[in-house]
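# Residue-level structure breakdown
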Amino acid sequence: MRQELLSLPKGLAEEVSKNLVMVARLIDEDPEQAYAYSRIALRLASRVAAVREAAGFAAYATQKYSEALAEFRAAKRMTGSVELWPVMADCERGLGRPERALAMAGEPEVQKLDKAGQVEMRLVAAGARRDQGQLEAAIVTLQSPELASNAVQPWTARLRYAYADALLAAGREDEAREWFGKALEADKDGATDASDRLAELDGVEFVDAADLSDDEDQDGIENLVDDEDDEDEGDEDEGDDEDPAEVAAAERATDVTEYYDEDDEEYEPLEQSAADADVRGDKA
């Protein structure tokens, strides 16, 4: 890419380079923003193959397949390389034309691809078979020396995962579980969700820790309310067991205590009621 940018004036080359760096940095985490940067680079240097390729991948990441395909074709014409052949075929799938993707899988360009490119083309072809509802054909398409190999290559996890997914779609659950396990063994970078698929097949349900904490807090609040209600009910029950006469006497005693002032010359003690006399007489 640097060699291609050298054909541009220095200031322009630096500006284009900055935009391409942003495309590469954002394409996974923020595809739309990466696409915006790619359009700037494309305006500045549309005759640079690296710019057309970057614009193609940015459009592909945002599912603008027609635009992506046009950019990839332009880059291929400029370089003469067949490296982009598999992703061009996948764009055809994205446009709802799986038959064209399958036709591209049989073209001479595939034989010019390196091993990684050929595996990628196989994955695209299997996906096109599935698009057409040909599950068994998709499974057969993925069966290859690369799949059978015990050696772990950059493409191994994705190839095994695609095979497991096709098996599961065809109702071959036991085989799918086995191959999801093999995909997980090869997936050192977490490129697939093989672990989640295995857990799903085994009936394991993951619970979000935050949700669980909220539930526990709610349970605690409900238990606290229940405890308080029980205490209130207990207090009411205790009141029901008391003698009405004793309650009346206690209330009167409280009233006297509350309003009695020894310095108040006008204070006169309340006369003892018959109920108070009976209560005190019993206690004596």
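The model shown is predicted, which means the values in this text are computed figures rather than measured ones.

Another point: the confidence of the model for the protein chain. Averaged over every residue, the pLDDT of the protein chain is 82; residues scoring 70 or more account for 71%. Confidence over residues 249–284 falls short of pLDDT 50; this stretch has 11 contacts with residues more than four positions distant or in other chains.

Another aspect to go through is the side chain of Arg-52. Within the secondary structure, Arg-52 sits in helix 4 (residues 49–61). Residue class for Arg-52 comes out buried when judged on its relative accessible area of 18%. A polar side-chain atom of Arg-52 sits 3.0 Å from the main-chain carbonyl oxygen of Ser-46. Excluding its chain neighbours within four sequence positions, the residues that come into contact with Arg-52 are Leu-42, Ser-46, Glu-71, Ala-74, Ala-75 and Met-78.

Another aspect to go through is the layout of surface pockets. One number sums up the size of the largest pocket: a volume of about 570 Å³. Taken together, 25 residues make up the lining of the largest pocket; nearest its centre are Asp-90, Glu-120, Leu-123, Val-124 and Arg-158. Contributions of two or more residues to the lining of the largest pocket are made by helix 4, helix 6 (85–94), helix 8 (115–131) and helix 11 (156–169).

Further remarks concern the pattern of salt bridges. Enumeration according to the criterion identifies 17 salt bridges in this entry. Glu-146 is paired through a salt bridge with Lys-115; the nearest N and O atoms lie 2.9 Å apart. Of this pair, Glu-146 sits in helix 10 (residues 145–148) while Lys-115 is found in helix 8, placing the two residues 31 residues apart along the sequence. With its nearest N and O atoms 3.0 Å apart, the salt bridge here joins Arg-197 to Asp-165. Note that Arg-197 is positioned in helix 13 (residues 194–201) and Asp-165 in helix 11, a separation of 32 residues in sequence. On the accessibility criterion, Arg-197 (17% relative accessible area) is buried. Through salt bridges with shared partners, a single network forms among Glu-173, Asp-174, Arg-177 and Asp-202.

Bringing the packing of aromatic side chains into the picture now. In the structure shown here, the tally under the stated rule is four aromatic pairs. With a centroid separation of 5.4 Å and an interplanar angle of 65°, the aromatic rings of Tyr-161 and Phe-180 are classed as edge-to-face. Taken together, the positions of Tyr-161 in helix 11 and Phe-180 in helix 12 (residues 173–186) put the pair 19 residues apart, joining distant regions of the chain. A ring pair is formed by Tyr-163 and Trp-179, whose centres lie 5.1 Å apart and whose planes are at 90°; its orientation type is edge-to-face. With Tyr-163 in helix 11 and Trp-179 in helix 12, the pair connects residues that are 16 residues apart, well separated along the chain.

What counts and how
- Residues numbered from 1 in each chain as written.
- Predicted model: local features only at pLDDT ≥ 70, side-chain atom pairs only at ≥ 80, totals over all residues.
- Heavy atoms only, no water.
- pLDDT = per-residue confidence, 0-100.
- Contact = heavy atoms within 4.5 Å.
- Helix = DSSP H or I, 4+ residues; strand = E, 2+ residues; numbered from the N terminus.
- Buried < 20%, exposed > 50% of the residue type's maximum accessible area, 1.4 Å probe, protein only.
- Polar contact = N/O pair within 3.5 Å; in protein donor to acceptor, adjacent residues only side chain to side chain.
- 1 Å grid on protein atoms, 1.4 Å probe; cavity = no way out; pocket = protein on both sides within 12 Å on 5 of 7 lines; lining within 4 Å.
- Points joined across faces, edges and corners; volume = space filled by probe spheres on them.
- Salt bridge = Lys/Arg side-chain N within 4 Å of Asp/Glu carboxyl O.
- Phe/Tyr/Trp six-rings, centres within 6.5 Å; stacked < 30°, edge-to-face > 60°.

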